[in-house]
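The primary structure of each chain is shown beneath.
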Amino acid sequence: MKKLLLVLVVTAQFFACNSKKSEKVVETKKVEVNNNVSDQAAIYKGVIPCADCAGIETVLKIYEGDGTIESHKFELSSTYQGKEPKKEIIEKGNFNLERGLEDDADGTIYVLNWDKPEAQQIYYGSYSNNREKIYLLNNNRKIIKSDLNYSLTIIH
């Protein structure tokens, strides 16, 4: 029993220390893209609604790498507007693709943190006829139905 408890504690510490989330105070923010083909990203940007601030400026960078699942990386930056000091949260990790977004069989769902527990996964999706816009999805992988705008638009 003690060995099992020790293994569980060590595993929990490993995952807690292995988190790639970081939080920092920022004055300004720049989006930089490396011109190296393997580092090129699709970059989506927008302002997501926020319950206790003016909005969350969101930048999602999708790096597909060489097309293998191991090379699928993302970087998600969230800056809370209207709060001082400005707080930016940057999350990096792996993503996976799923086919089909609601009634669009050719739509795409990006599962951010697909290799982590479901509670840590974030879902974005795009319709096959408009890859320029990507929508934040709920936990059921459905577009959030609201009068508020939960979408990001491609900038690169």
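See the structure above.
These notes cover the structure that comes with them. (Residues numbered from 1 in each chain as written. Predicted model: local features only at pLDDT ≥ 70, side-chain atom pairs only at ≥ 80, totals over all residues. Heavy atoms only, no water.)

Each helix and strand in the protein was counted, giving one helix and nine strands. Its helices and strands taken in sequence order, the protein reads α-β-β-β-β-β-β-β-β-β from the N to the C terminus. For the protein, the proportion of its 156 residues judged to be buried stands at 33%. (Helix = DSSP H or I, 4+ residues; strand = E, 2+ residues; numbered from the N terminus. Buried < 20%, exposed > 50% of the residue type's maximum accessible area, 1.4 Å probe, protein only.)

On to the pattern of salt bridges, then. Under the defined criterion, the tally for this structure stands at five salt bridges. The partner of Lys-61 in a salt bridge is Glu-75, and the shortest N-O contact between them spans 3.9 Å. Taken together, the residues Lys-61 in strand β3 (residues 55–63) and Glu-75 in strand β4 (residues 73–81) connect sequence positions 14 residues apart. The same class applies to Lys-61 and to Glu-75, which are both buried. Here Lys-92 ties to Glu-75 by a salt bridge, and the two come within 4.0 Å at their closest N and O atoms. Of this pair, Lys-92 sits in strand β5 (residues 87–101) while Glu-75 sits in strand β4, placing them 17 residues apart in sequence. Each of Lys-61, Glu-75 and Lys-92 takes part in a single network of salt bridges with overlapping partners. (Salt bridge = Lys/Arg side-chain N within 4 Å of Asp/Glu carboxyl O.)

This brings us to the state of the cysteines. Throughout the structure, instances matching the rule amount to one disulfide. Through a disulfide, Cys-50 is tied to Cys-53; the S-S separation comes to 2.2 Å. Between Cys-50 and Cys-53 the sulfur-sulfur dihedral comes to about 125 degrees; the bridge is accordingly right-handed. With respect to class, Cys-50 is no different from Cys-53; both count as buried. (Disulfide = S-S within 2.5 Å.)

Attention shifts here to the layout of surface pockets. Its boundaries defined by the atoms lining it, the second largest pocket holds a volume of some 250 Å³. Lining the second largest pocket are 13 residues; nearest its centre among them are Ile-56, Thr-58, Leu-76, Ser-78 and Tyr-124. Mapped by element, the contributors of at least two residues to the lining of the second largest pocket are β3, β4, β5 and β7 (122–127). When residues in the lining of the second largest pocket are grouped by element, the largest group, three residues, is from β4. Across the lining of the second largest pocket, the residue classes tally to nine nonpolar, two polar and two charged. (1 Å grid on protein atoms, 1.4 Å probe; cavity = no way out; pocket = protein on both sides within 12 Å on 5 of 7 lines; lining within 4 Å. Points joined across faces, edges and corners; volume = space filled by probe spheres on them. Nonpolar A, V, L, I, M, F, W, Y, C, P; charged D, E, K, R; others polar.)

Moving on: the packing of aromatic side chains. By the definition in use, this model includes two aromatic pairs. Arranged with centres 5.7 Å apart and planes meeting at 55 degrees, the rings of Phe-95 and Tyr-110 form a pair that is tilted. One end of the pair, Phe-95, is in strand β5; the other, Tyr-110, is in strand β6 (residues 104–112), and 15 residues separate them in sequence. Given a relative accessible area of 0%, Phe-95 falls into the buried group. A relative accessible area of 8% means that Tyr-110 is categorised as buried. Consider the rings of Tyr-127 and Tyr-135, whose centres lie 5.9 Å apart with planes at 70 degrees: the pair is edge-to-face. Overall, Tyr-135 belongs to the partly exposed group, its relative accessible area being 21%. One cation-aromatic arrangement involves Lys-87 over Tyr-80; the distance from NZ or CZ to the ring centre is 5.6 Å. (Phe/Tyr/Trp six-rings, centres within 6.5 Å; stacked < 30°, edge-to-face > 60°. Lys NZ or Arg CZ within 6 Å of the ring centre and 35° of its normal.)

Moving on: the pairing of β5. One face of the sheet, then the other: side chains in a regular strand alternate in exactly this way. One ladder, built from eight bridges, connects β4 with β5; its direction is antiparallel. Residue pairing in the sheet places Leu-76 in a bridge with Glu-91 of β5. Joining the antiparallel neighbours β4 and β5 is a turn of five residues, in which Gly-82 adopts a positive phi near 80 degrees. With six bridges joining them, β5 and β6 adopt antiparallel strand pairing. Paired with Asn-96 across the strands is Val-111, a residue of β6. Taking the residues that link successive antiparallel strands as the turn, the β5-β6 hairpin has two residues, and the phi of Glu-102 there is positive, at about 55 degrees. (Pairing = 2+ DSSP bridges.)

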